[in-house]
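A closer look at the structure
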Amino acid sequence: YSVAIASRIFLMKPSENDIVVFTDGASKGNPGAGGWGVVIIHSKSEVIEFGGSAENVGNNQMELKAAVRALEYLSSIPGKIFVYTDSKYVINGVESWLRGWLSNDWKTASGAEVRNIVLWKELNKLLEDRKEKGEIKWCHVPGHSGVMGNERADKIASSFAEKKKLSLFSGKYKDYPRKIDFSKLGDLSSKKPAKKTKG
């Protein structure tokens, strides 16, 4: 599958009761030492940060891993989820490629096996299991554009990839030192159409 994300702006924004998730992945070498990071804000009340590392991985794997681990953490928690990621690979996969892969027995249009198939299968199962608990809205945010949640997820991912110590937060949002400007959060694509990406 080759898909370009069309330029678009959705005005839908998280409400007071929604779950806001920021995910990011990093790879030092691509493939090389990798890390992934997640920031979850539940109803503007509770915040948890977490992440992990892996060896000999690519950036796309870590971006996908972060999304999988975030939804795993939220699997038993009902409510609408807004997932913010700077990965067009994840956005394209969820919104455009996944349906075709499922109908084609996890093969691409060219007949090749889907890359990162284990992670995509994990994500697909999480999406299926989530249907009765609440909608998931996938939102693209430009990387390194000053969006605090995205910047923090990137910092977590990079720290794990570089094996640097980092203090992770878990507690009340009122005590969280990195405030998110929720008024500016919508589902924003890039201002220009994305380049075609092989799935």
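Anything mentioned here points back to the structure above.
As a starting point, this report considers the structure included with it. Keep in mind that what you see is a predicted model, and the values were worked out from it rather than measured.

1. Topic: the pairing of strand β3 (residues 19-28)
With 9 of 10 residues buried, β3 lies mostly within the body of the structure. Direction of pairing for β3 relative to strand β4 (residues 32-42): antiparallel, over a ladder of 10 bridges. When the sheet's bridge partners are listed, Val21 is paired in β4 with Ile40. Linking β3 to β4, which pair antiparallel, is a turn of 3 residues; within it Gly29 sits at a positive phi near 135 degrees. Note that β3 and strand β6 (residues 81-85) share 5 bridges and pair parallel.

2. Examining the pattern of salt bridges
Applying the stated criterion to the full structure yields 13 salt bridges. With a closest N to O distance of 3.3 Å, Glu162 and Lys28 form a salt bridge. Note that Glu162 is positioned in the loop between α4 (148-161) and β8 (170-172) and Lys28 in strand β3, a separation of 134 residues in sequence. With a shortest N-O distance of 2.8 Å, Lys125 and Asp129 are connected by a salt bridge. With Lys125 and Asp129 both in helix α3 (residues 117-130) and 4 residues apart, this pair spans about one turn of that helix.

3. Structural notes on the sheet that holds β6
Taking strand neighbours across the sheet as the criterion, the 6 strands line up as β7-β6-β3-β4-β5-β8 in an open arrangement whose pairing is mixed. Two strands in the sheet have a free side with no partner beyond their single neighbour: β7 (136-140) and β8. Going across the sheet, the axis of each strand differs from the next one's by a mean of 20 degrees, ignoring polarity. For β4 and strand β5 (residues 46-57), the ladder comprises 10 bridges, and the chain directions are antiparallel. By the bridge assignment for β5, Val38 is matched with Phe50.

4. Description of the pairing of β6
Burial within β6 is extensive, with 5 of its 5 residues counted as buried. Of the two faces of β6, the one lined by Ile81, Val83 and Thr85 and the one lined by Phe82 and Tyr84 are each fully buried. Pairing of β6 with β7, which is carried by 5 bridges, proceeds in the parallel orientation. Residue pairing across strands places Ile81 opposite Ile136, the latter belonging to β7.

5. Things to note about the nonpolar core
Counting 35 residues, the largest nonpolar core has Val21, Leu71, Trp120, Leu123 and Trp138 as the members making the most contacts within it. Mapped onto this core, the elements with two or more residues apiece are β3, β4, β5, α1 (59-73), β6, α2 (88-103), α3 and β7. For Trp120, the contacting residues outside a window of four places in its chain are Leu64, Tyr89, Val90, Gly93, Val94, Leu98, Trp101, Trp106, Val114 and Arg115. Of all hydrophobic cores here, the second largest spans 17 residues; its members include Val39, Ile41, Val47 and Ile180.

Criteria and thresholds
- Residues numbered from 1 in each chain as written.
- Predicted model: local features only at pLDDT ≥ 70, side-chain atom pairs only at ≥ 80, totals over all residues.
- Heavy atoms only, no water.
- Buried < 20%, exposed > 50% of the residue type's maximum accessible area, 1.4 Å probe, protein only.
- Helix = DSSP H or I, 4+ residues; strand = E, 2+ residues; numbered from the N terminus.
- Pairing = 2+ DSSP bridges.
- Salt bridge = Lys/Arg side-chain N within 4 Å of Asp/Glu carboxyl O.
- Axes fitted to C-alpha atoms, helices over the stretch in contact; angles between N-to-C directions.
- Core = buried A, V, L, I, M, F, W, Y, C linked by side-chain atoms within 4.5 Å.
- Contact = heavy atoms within 4.5 Å.

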